[in-house]
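Summary of structural features
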Amino acid sequence: MIRRPPRSTLFPYTTLFRSPHYNHGNYIVRLGNLVKWLGEQAESLGVEIYPGCAASEILLHEDGSVKGIATNDVGIAKDGSPKATFQRGMELHGKCTIFAEGCHGHLAKQLYKRFSLRKDCESQSYGIGIKELWEVLPEKHHPGRIEHTIGWPLDFKTYGGSFLYHLNEGSAPLIAVGLVVGLDYENPFMNPFREFQRFKHHPSVKQIFEGGTRIAYGARALNEGGIQSIPKLTFPGGCLIGCSPGFMNVPKIKGTHNAMKSGSLAAESVFECIVDKNFNSPTVGIEPKTYEERLRSSWVWAELKSIRNIRPSFHSIFGLYGGVAYSAFQMVFRGVEPWTLSHGLPDSHRLKPASQSKPIDYPKPDGKISFDLLTSVALTGTNHESDQPPHLTLKDDSVPVKQNLEIYDGPEQRF
């Protein structure tokens, strides 16, 4: 699984000081392989894992504390009626329920509201990461090399950057390439997917993939708010860990290490509460209050605090240039500055009306280096039945037409 540490890291703005993208001594590991291995270790210790089951509902005790979760029913037709394959979901109860949904989880959003977990933090800021896996020609493959860029093809007011990892898995010359775009961009005509396809046509990037074959595609949302946007982490009956509250190191585009550490710290706190005979919980569900204290005393919080001002520094009138300048300042002082910059407006409030924005003319995909969206989705490995219920529900059916389309020209068709 882990074969070779990075041999070189290329980044255009790395000069005198160590860049946040400094990767020497780290290892390139595919998360899918790591999770599979961790699952095997957990099951060998007696942990039950239910793959393919989504937590769909929060269960509560009569005193309002969290009791557990219920998984979703399966085998339901589009009209809501049970099919021949119908199977009722399960209820899973626990003394303390640990939520690790990832970015913008639907249960976490309910917890935020029920327990007012976000009253003392800023709005979360989001990004979208788009990624492809390529098999390239052997002579273009340099195992252990990592490349990062910022700027083009994005405009100077849009936060984002690329990554390119030369994997070393022994069987084939594989490269993972992707683009991350902050979702606080101003132009509603921006299309992150097509920006990524355009990125691959840069001369220094295109030559890497010429003659190669794209074998996989995927995308995911990212929490980019940092410590300014981390909510209260505990509540009666449970806590939040991982990328759900948002522990990603944004400049590094890495958060798995912080997510795993938060899980370990939460487990220690929950276990401490359960075995302590002198611990008296005011509610049936246990609230592991020492978890947040442990996290704030750990290297996770120190790491996030040191880079807290980099992401919001890109919100100045100087955009990319101001952010790069401040990032250089941060490399010197390592986040010891006595101030903390604010993200300001929520992402959605930064979007300008279509009438105030310039449409973007994207080049057509060539089918060799760049591709259309439908062709790409076919490589994601996701499967949906034609008659299954929609997994997204509009709270107000008038918003897509009256606001999104009339004012912003329907940006949801592009992000």
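Everything below is about the structure printed above this text.
Definitions and limits used
- Residues numbered from 1 in each chain as written.
- Predicted model: local features only at pLDDT ≥ 70, side-chain atom pairs only at ≥ 80, totals over all residues.
- Heavy atoms only, no water.
- Helix = DSSP H or I, 4+ residues; strand = E, 2+ residues; numbered from the N terminus.
- Buried < 20%, exposed > 50% of the residue type's maximum accessible area, 1.4 Å probe, protein only.
- Contact = heavy atoms within 4.5 Å.
- Areas by Shrake-Rupley, 256 points an atom, 1.4 Å probe, with all protein chains shown as cover.
- Phe/Tyr/Trp six-rings, centres within 6.5 Å; stacked < 30°, edge-to-face > 60°.
- Lys NZ or Arg CZ within 6 Å of the ring centre and 35° of its normal.
- Pairing = 2+ DSSP bridges.
- Arc of directions from axis to C-beta.
- Disulfide = S-S within 2.5 Å.
- Salt bridge = Lys/Arg side-chain N within 4 Å of Asp/Glu carboxyl O.
- Axes fitted to C-alpha atoms, helices over the stretch in contact; angles between N-to-C directions.

1. Focus: the overall build of the protein chain
Per the secondary structure count, the protein chain includes eleven helices and 14 strands. Viewed in the frame of its principal axes, the protein chain has a C-alpha envelope of about 65 × 55 × 50 Å. Residues counted as buried form 43% of the 415 residues belonging to the protein chain. Restricting the contact set of the protein chain to residue pairs at least 6 apart, pairs at least 24 apart contribute 71%. Of the roughly 22,700 Å² of accessible surface on the protein chain, a fraction of 56% belongs to carbon and sulfur atoms.

2. Observations concerning the environment of Glu385
Note on placement: Glu385 falls in the loop between α10 (373–377) and α11 (399–408). Residues Glu385 and Gly75, 310 residues apart in the sequence, show an inter-C-alpha distance of 10.0 Å.

3. Observations concerning the packing of aromatic side chains
Enumeration over the complete set of coordinates arrives at ten aromatic pairs. Aromatic side chains Phe99 and Phe235 sit 6.0 Å apart centroid to centroid with 50° between the ring planes, which places their arrangement in the tilted category. Taken as a pair, Phe99 in strand β7 (residues 97–99) and Phe235 in strand β13 (residues 234–235) lie far apart in primary sequence, 136 residues in all. Neither Phe99 nor Phe235 differs from the other in exposure class; each is buried. Relative to Trp339, the ring of Phe329 has its centre 6.2 Å away and its plane inclined at 15°; by these criteria the two rings are stacked. Of this pair, Phe329 sits in helix α9 (residues 319–333) while Trp339 sits in the loop between α9 and α10, and the two are ten residues apart along the sequence. Overall, Phe329 belongs to the partly exposed group, its relative accessible area being 28%. Judged by relative accessible area, Trp339 falls into the partly exposed class, the value being 39%. A connected cluster of aromatic rings, assembled from ring pairs, spans Phe99, Phe115 and Phe235. Over the ring of Tyr112 we find Arg118, and its NZ or CZ is 5.1 Å from the ring centre.

4. Notes on the pairing of strand β3 (residues 66–71)
Counted residue by residue, β3 has five buried out of six residues, so it is predominantly covered. Taken together, the five bridges between strand β2 (residues 55–60) and β3 define a ladder with antiparallel strand orientation. Note that in β3 the partner of Glu57 across the bridge is Ala70. Two successive antiparallel strands, β2 and β3, enclose a turn made up of five residues, where Gly64 displays a positive phi of approximately 95°.

5. Focus on helix α2 (residues 106–115)
Among the residues of α2, Leu107, Ala108, Leu111 and Tyr112 are the ones counted as buried. Angularly, the buried residues of α2 cover 145° about the axis, an arc narrow enough to put them on a single face. Away from its buried face, by an angle of more than 90 degrees, α2 presents the exposed residues Lys113 and Arg114. Those residues of α2 that are buried lie in contact with β2, β3, β7, β13 and β14 (238–240). Of the residues trailing α2, Ser116 is marked for its positive phi of about 50°.

6. Thoughts on the state of the cysteines
The final tally for this structure, using the stated rule, is zero disulfides. Just so you know, Cys103 is unpaired, no disulfide at all, and the nearest cysteine sulfur is the one on Cys243, 8.0 Å from it. Residue class for Cys103 comes out buried when judged on its relative accessible area of 17%.

7. Overview of the pattern of salt bridges
Counted according to the given criterion, the structure contains 14 salt bridges. One salt bridge connects Arg198 with Glu195, and the closest N-O pair in it is separated by 3.0 Å. Taken together, the residues Arg198 and Glu195, both in helix α3 (residues 192–199) and three residues apart, mark about one turn of the helix. We classify Arg198 as partly exposed; its relative accessible area is 21%. On the basis of relative accessibility, which here comes to 2%, the residue Glu195 falls in the buried class. Within this structure, Glu132, Lys200 and Arg214 form a network of salt bridges that share partners.

8. Some points on the sheet that holds β13
On the basis of which strands lie adjacent, the open sheet formed by three strands has the order β7-β14-β13 and mixed pairing. The strands lining the two open edges of the sheet, one partner per strand, are β7 and β13. Relative to β14, β13 runs antiparallel, the two being bridged by two bridges. Residue pairing across strands places Thr234 opposite Cys239, the latter belonging to β14. Its contacts with the sheet place α2 against β7, β13 and β14, and it is angled at close to 115° to β14.

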